[in-house]
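So you can see what is in the structure, the chains are spelled out below.
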Amino acid sequence: MRSKAKALTISLAIISSISLQSVLANETWKKQNSHSRVAKTDNLNYSQIVNEDVTRFQNFFVKKFPNVEFEEFNNGVYAIDSESREQWIEMEDFPPYELAVDEGKILFEQKFDNGKSYADCFPDFKKGVRQNYPRFDQKTNQVVTLELAINQCREANNTAPLAYESEEITSISGYLAFLSRGNKFNLQVNSINAYNAYLAGKRFYYSKRGQLNFACSDCHIKITGTKLRADTVSPGLGHPTGMPVYRSKWGELGSIGRRYQECNKNVRAVPFDLQSEVYRNLEYFQTIMSNGLEVNGPSSRK
Amino acid sequence: MSKSIKIKVKAREKNGIVQAKLLVKHPMESGLRKDKNGETIPIHHLTQLYAEYQGNTVFQADFGPGVAKDPFLAFAFKGKSGDEFLVKAVDTKQQTGEVKAVVK
Amino acid sequence: MKLTRRNFIVDLLKGSSFIALATSFPTMAFAKWNEKAFKAKQLKQALESKYGKQQIVDSGDILLKAPTIAENGAVVPIRVSTNIANTNNISLFVKDNPTPLIASLNFGETSIPEIQIRIRMAKTSEVIAIVEADGKLYQTKQLVKVTIGGCGG
């Protein structure tokens, strides 16, 4: 009897220790890979975790399109489709967004009523600031996109904010992007709050939505390079680098948020508001995934 | 009549030929589109664009609504680096635009 | 309403779709804006309004560069050039557009008969470039496909 009880106790102990171990392992895995759960306070190396994510994400596309140089991924579908690339090169001869960049310069240089100007908020604008956005702002605990920063600058100088997707704000954003061309994105996630925002964006990217039940990843990872009706689906790598974008369809510049709304509507999901927390977190995640690529905004697309 | 049409010109000489490229900021409304409320957006597009060099009209483009928004045009004529030429445009609302370009 | 000079001019402006702006524009070396041709809704009408009943012959001396499949019908980049001597006009038509005549480009003696332009195409259609030289007409055509996109469209 005693030996039976002993055996039972031992096996129970073994089982529970195995369970405990697997539970612990599971928890660790979840912490490191949880795009379905927000991390709790513990000593994780967020920067390292995120950079590992970036490596995995980018390796997928590099392997999938072996003939594409890494630097070329910031040209979206034109990196992988030669026929549309030809038409894009024709457009780049004298791209339609040049008019908006010129307009953006004029707007950027206008002083606010209090005598200050955008240059006071973006002192490094000549060297380029686009590659620093979106950035995580610890004080307000939110992701700040370039468009949000433009309006924050206005509000800090007692000036009414611009409507998102208005010609003015996209022109200023386009001008700042233009001056930043060539600078590489290298956003680092260094705090738990930034990491949570990153996870929220990542969660959105991989979550199915809409009547068509597609996630961003379904098109831009799973079927990238194949056809969706007559469109070649662009790779997810590099999407934010050329923003704001002059879409031939729009006949004007628009930010990535406008495109998010369109994509969401295309899968028959209700779009979120421009510059909503959801979209800002998504832009944060996407831009981090494009670390190492150069700013090439504003850009033109179909 | 306002001189409100914005024209941006780039011109470069190569072997005695000026290669001119330009972009015009213009909605080029065909009169066939409807707005969100179902109202037809009225016609408003460029009709003519001229390049005037040394007193002569060296090139003239007549446009219909089939030209894309923010019209782009590239054309060439005999000329020299350092020379100037004028580009003028007019649209269906009699708005005009004018810009002086210097050949690189 | 009293007919003042101001009213008269405003009425004049309302009345026509194009006016020769004598003051700020040079003496037109080329034809007036051909309203009838630009508003014609069928290719045949547009051609007649522009060229009358004149015969147009196919020519291998016109280079028309257009994409096989347009990325977006809203902006289709086109190039036309020709080595036919004494070319004074190159015109572009899109057969199946609501108004087929797209543009008419006029060349002076010192200009080169070549053009780049971005056009609109409503749907898959033939793009036709017609060259006028020494009073004769020559043409070349290319089919350009305009597709319905997936999520990009």
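Residues numbered from 1 in each chain as written. Chains lettered and ligands numbered in written order. Predicted model: local features only at pLDDT ≥ 70, side-chain atom pairs only at ≥ 80, totals over all residues.

1. A closer look at the overall build of chain A
Part 1: Broken down by element type, chain A carries 11 helices and seven strands.
Part 2: Contacts in chain A between residues at least 24 apart in sequence constitute 73% of all its contacts with a sequence separation of at least 6. (Helix = DSSP H or I, 4+ residues; strand = E, 2+ residues; numbered from the N terminus. Contact = placed C-beta atoms within 7 Å.)

2. Here's the deal with the overall build of chain C
Part 1: Of the regular secondary structure elements, chain C holds three helices and nine strands.
Part 2: When the helices and strands of chain C are listed from N to C terminus, the series reads α-α-α-β-β-β-β-β-β-β-β-β.
Part 3: Partitioning the intrachain contacts of chain C with sequence separation of at least 6 by distance along the chain shows that 60% fall at a separation of at least 24.

3. Examining the confidence of the model for chain A
Part 1: When pLDDT is averaged along chain A, the result is 91, and 89% of the positions lie at 70 or above.
Part 2: Here residues 28–34 of chain A is a poorly scored stretch, pLDDT under 50, and it has seven contacts once near neighbours within four places are set aside; other chains count. (pLDDT = per-residue confidence, 0-100.)

4. Notes on the sheet that holds strand S2 (residues 17–25) of chain B
Part 1: One open sheet accounts for six strands, arranged S1(B)-S2(B)-S5(B)-S7(C)-S4(C)-S2(C); its pairing is antiparallel. The strands lining the two open edges of the sheet, one partner per strand, are strand S1 (6–14) of chain B together with strand S2 (62–65) of chain C. Ignoring strand direction, the axes of neighbouring strands in this sheet form an average angle of 15 degrees.
Part 2: The sheet contact formed by strand S4 (residues 76–82) of chain C and strand S7 (residues 111–119) of chain C spans six bridges and is antiparallel. Looking across to S7 of chain C, one finds that Ser 81 of chain C is bridged to Glu 114 of chain C.
Part 3: Across the sheet, helix H4 (residues 98–109) of chain A is in contact with S1 and S2 of chain B; its angle to S1 of chain B comes to roughly 115 degrees. (Pairing = 2+ DSSP bridges. Axes fitted to C-alpha atoms, helices over the stretch in contact; angles between N-to-C directions.)

5. Considerations on the packing of helix H6 (residues 146–156) of chain A against helix H7 (residues 167–179) of chain A
Residue and element names in this part refer to chain A.
Part 1: At a minimum axis distance of 10 Å, the contact between H6 and H7 shows a crossing angle of 110 degrees. Between H6 and H7, the angle falls in the class roughly perpendicular. Handedness of the crossing formed by H6 with H7: right-handed. Contacts between H6 and H7 involve Leu 146, Glu 147 and Ile 150 from the first element and Ile 169, Ile 172, Ser 173 and Leu 176 from the second.
Part 2: Residue composition of the contact of H6 with H7, by class: five nonpolar, one polar and one charged. (Parallel < 35°, antiparallel > 145°, perpendicular 65-115°, else oblique. Left-handed = near helix turned anticlockwise from the far one by under 90°. Nonpolar A, V, L, I, M, F, W, Y, C, P; charged D, E, K, R; others polar.)

6. Side note on the interface of chain C and chain B
Part 1: Residue-level contacts link 37 residues of chain C with 31 residues of chain B.
Part 2: At the level of elements, strand S6 (101–107) and S7 of chain C are the ones that each hand at least two residues to the side of chain C that touches chain B.
Part 3: Considering each element in turn, the side of chain C that touches chain B owes the most residues, eight residues, to S7 of chain C.
Part 4: Tallied by class, residues from the side of chain C that touches chain B come to 23 nonpolar, 11 polar and three charged.

7. Observations regarding the sheet that holds strand S6 (residues 252–254) of chain A
Residue and element names in this part refer to chain A.
Part 1: In spatial order, the strands read S6-S5-S7; together these three strands make up an open sheet with mixed pairing. The outermost strands of the open sheet, each flanked by one partner alone, are S6 and strand S7 (299–301). The average angle at which neighbouring strand axes cross in this sheet is 40 degrees, direction not considered.

8. Comments concerning the interface of chain B and chain A
Part 1: Across the boundary between the two partners, chain B contributes nine residues, which contact seven residues of chain A.
Part 2: Counting residues per element, the ones that place at least two in the side of chain B that touches chain A are S1 and S2 of chain B.
Part 3: Along the lines of polarity and charge, the residues of the side of chain B that touches chain A split into two nonpolar, no polar and seven charged.

9. Considerations on helix H8 (residues 192–206) of chain A
Think of an α-helix as 3.6 residues a turn; residues three or four steps apart then line up on the same face.
Part 1: Taking 1.5 Å of rise per residue, 15 residues should cover 21 Å, and H8 of chain A covers 21 Å from first to last C-alpha, within 8% of that figure.
Part 2: Every buried residue belonging to H8 of chain A is among Ala 194, Ala 197, Tyr 198, Leu 199, Ala 200, Gly 201, Lys 202, Phe 204 and Tyr 205 of chain A, and all of these are buried. (Expected span 1.5 Å × (residues − 1). Buried ≥ 20, exposed ≤ 12 C-beta atoms within 10 Å, placed from the backbone.)

10. A few points about the confidence of the model for chain C
Residue and element names in this part refer to chain C.
Part 1: Residues at a pLDDT of 70 or more form 77% of chain C, whose mean pLDDT is 84.
Part 2: Ignoring residues within four places in sequence, the model shows residues 1–28, a span with pLDDT below 50, making 19 contacts including any to other chains.
Part 3: Both scores are available for the predicted complex, with the pTM at 0.86 and the ipTM at 0.95.

11. Some points on the pairing of strand S7 (residues 96–102) of chain B
All names here are of chain B.
Part 1: Sheet analysis places strand S6 (residues 84–91) next to S7, joined by seven bridges and oriented antiparallel. Within the sheet, the bridge partner assigned to Leu 86 lies in S7 and is Lys 100.
Part 2: Connecting the antiparallel pair S6 and S7 is a turn made up of four residues, with Gln 94 showing a positive phi of about 60 degrees.

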